[in-house]
Amino acid sequence: MPILADLHMHSSYSTDSNAPMEEMILSAINKGLRTICFTEHIDLDFPETPDFPAGAFNLNPDAFLYELLGYKNKYADKIEVLFGLECGMQPHLSRENAKIIKEHEYDFILGSVHLIDGKDPYYPSFFESISEEEALRKYLEDTYRNIRVFGNFDSLGHMDYIIRYCKKMDQTYEYAKYKDIIDKILEHLIDREKALELNTGSLRKGMKECNPCFDVLKRFHELGGEHVTIGSDAHTPADIAYGFDKAAELLTACGYKYYTVYSGRIPMQKKL
């Protein structure tokens, strides 16, 4: 397996995971990884949903860091364990998110968009008042707005994430239809020297593409993008590094020779 770093995973410190941190680490070691980063959710002002109360994706970074440091030292001779966040971006939270990030010395910040107008597209009810095509464009427009307002992140997480919850668009979605807004996002990332995440979580759900899709990854490279981080978006030990062989094939096919790992917020390229 040419990719040996998983920079997107969650333990029980994220509300949507029950996985003990040590079990996640041991699974990563057994799978031959050399580096992992826990990117626990911090998604302020997250609304009440059928599964979680309002505010469920707030985080106690002190407790998270305390446990992580213990395991970082315990397994230092076997794997590098990094301290990260998956920061849920909403324009009105940019200052508060920046303040939280400054309170600790993180290795890696993943900036992600999980909500559209404060609503979660995970639930089918979201699409009762909007078409899938309109929802995707709105999601991309919100992503562009977020990354212009909030710049304290290292990599943009699962850029076309909403496709996971559309019934038809995994089969019909094409980069060309949304090229105008997607190119704006990619160009902004490149201008600000940000990375783009290749997230394999969609493959676990039976989808044909990662997030973002092949054409977007290729376009990022064509425009001059250099940094791509790799994440499984694992919430259980079994899902760590899922689809990484395919991820390596995709990157190579797009023209990349390296993937990127962040430590201390500094990017380091690793050969594929």
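Residues numbered from 1 in each chain as written. Predicted model: local features only at pLDDT ≥ 70, side-chain atom pairs only at ≥ 80, totals over all residues. Heavy atoms only, no water.

(A) Geometry of the overall build of the protein. Counting secondary structure elements, the protein contains nine helices and nine strands. Whereas a compact globule of 272 residues would reach a radius of gyration of roughly 19 Å, the protein reaches 17 Å, a difference of no more than 12%. For the protein, the C-alpha atoms occupy an extent of roughly 50 × 45 × 35 Å along the three principal directions. Taking the contacts inside the protein whose residues are at least 6 apart along the sequence as the reference set, 75% of them involve residues at least 24 apart. When the accessible surface of the protein is totalled, it reaches about 12,000 Å², and 47% of it is carbon and sulfur. Between the averaged position of the 31 positive side-chain charges in the protein and that of its 44 negative side-chain charges there is a distance of 4 Å. (Helix = DSSP H or I, 4+ residues; strand = E, 2+ residues; numbered from the N terminus. Rg over C-alpha atoms; globule rule 2.2 N^0.38 Å. Contact = heavy atoms within 4.5 Å. Areas by Shrake-Rupley, 256 points an atom, 1.4 Å probe, with all protein chains shown as cover. Lys, Arg positive; Asp, Glu negative; His and termini not counted. Charge placed at Lys NZ, Arg CZ, Asp CG, Glu CD.)

(B) Up close: the sheet that holds strand 6 (residues 195-199). If you walk across this open sheet you meet the seven strands as 1-2-3-4-5-6-7, and the pairing is parallel. Each end of this open sheet is capped by a strand with a single partner; those strands are strand 1 (5-9) and strand 7 (228-231). In terms of strand pairing, strand 5 (residues 155-156) meets strand 6 through two bridges, oriented parallel. The residue bridging S155 from the neighbouring strand is A195, located in strand 6. Strand contacts of helix 9 (residues 244-254): strand 1, strand 6 and strand 7, with the helix running at about 160 degrees to strand 7, the strand carrying the most contacts. (Pairing = 2+ DSSP bridges. Axes fitted to C-alpha atoms, helices over the stretch in contact; angles between N-to-C directions.)

(C) Representation of the pattern of salt bridges. Summed over all chains, the structure comprises 11 salt bridges. Among the ionic pairs, K138 bridges to D117, the shortest N-O distance being 3.1 Å. Taken together, the residues span a long stretch of sequence, with K138 in helix 4 (residues 132-149) and D117 in the loop between strand 4 (108-112) and helix 4 at a distance of 21 residues. One continuous salt-bridge network, built from bridges that share partners, spans K179, D183, R219 and E222. (Salt bridge = Lys/Arg side-chain N within 4 Å of Asp/Glu carboxyl O.)

(D) Representation of helix 9 within the structure. By the burial criterion, the buried members of helix 9 are F244, A247, A248, L250, L251 and C254. Along helix 9, the residues classed as buried sweep out an arc of 160 degrees about the axis, all on the same side. Facing away from the buried side of helix 9 by over 90 degrees, the exposed positions are E249, T252 and A253. Next to the buried residues of helix 9 lie strand 1, strand 6, helix 8 (214-222), strand 7 and strand 8 (258-263). Positive backbone phi, at 105 degrees, marks G255, one or two positions downstream of helix 9. (Buried < 20%, exposed > 50% of the residue type's maximum accessible area, 1.4 Å probe, protein only. Arc of directions from axis to C-beta.)

(E) Spatial organisation of unusual backbone geometry. A cis amide bond, omega 0 degrees, links N211 with the succeeding residue P212. Turning to its location among the elements, P212 is positioned in the loop between helix 7 (201-204) and helix 8. The backbone phi angle of D45 is positive, close to 60 degrees, even though this residue is not glycine. Relative to the helices and strands, D45 resides in the loop between strand 2 (35-42) and helix 2 (61-74). If you check the backbone angles, A241 has positive phi at about 65 degrees while not being a glycine. Inspection of the secondary structure assignment puts A241 in the loop between strand 7 and helix 9. By relative accessible area, A241 is classed as buried at 10%.

(F) Focus on the pairing of strand 1. Within strand 1, five of the five residues are buried, leaving the element largely enclosed by the surrounding structure. Pairing analysis gives three bridges linking strand 1 to strand 2, with the strands arranged parallel. Along strand 2, the bridge assignment pairs A5 with T35.

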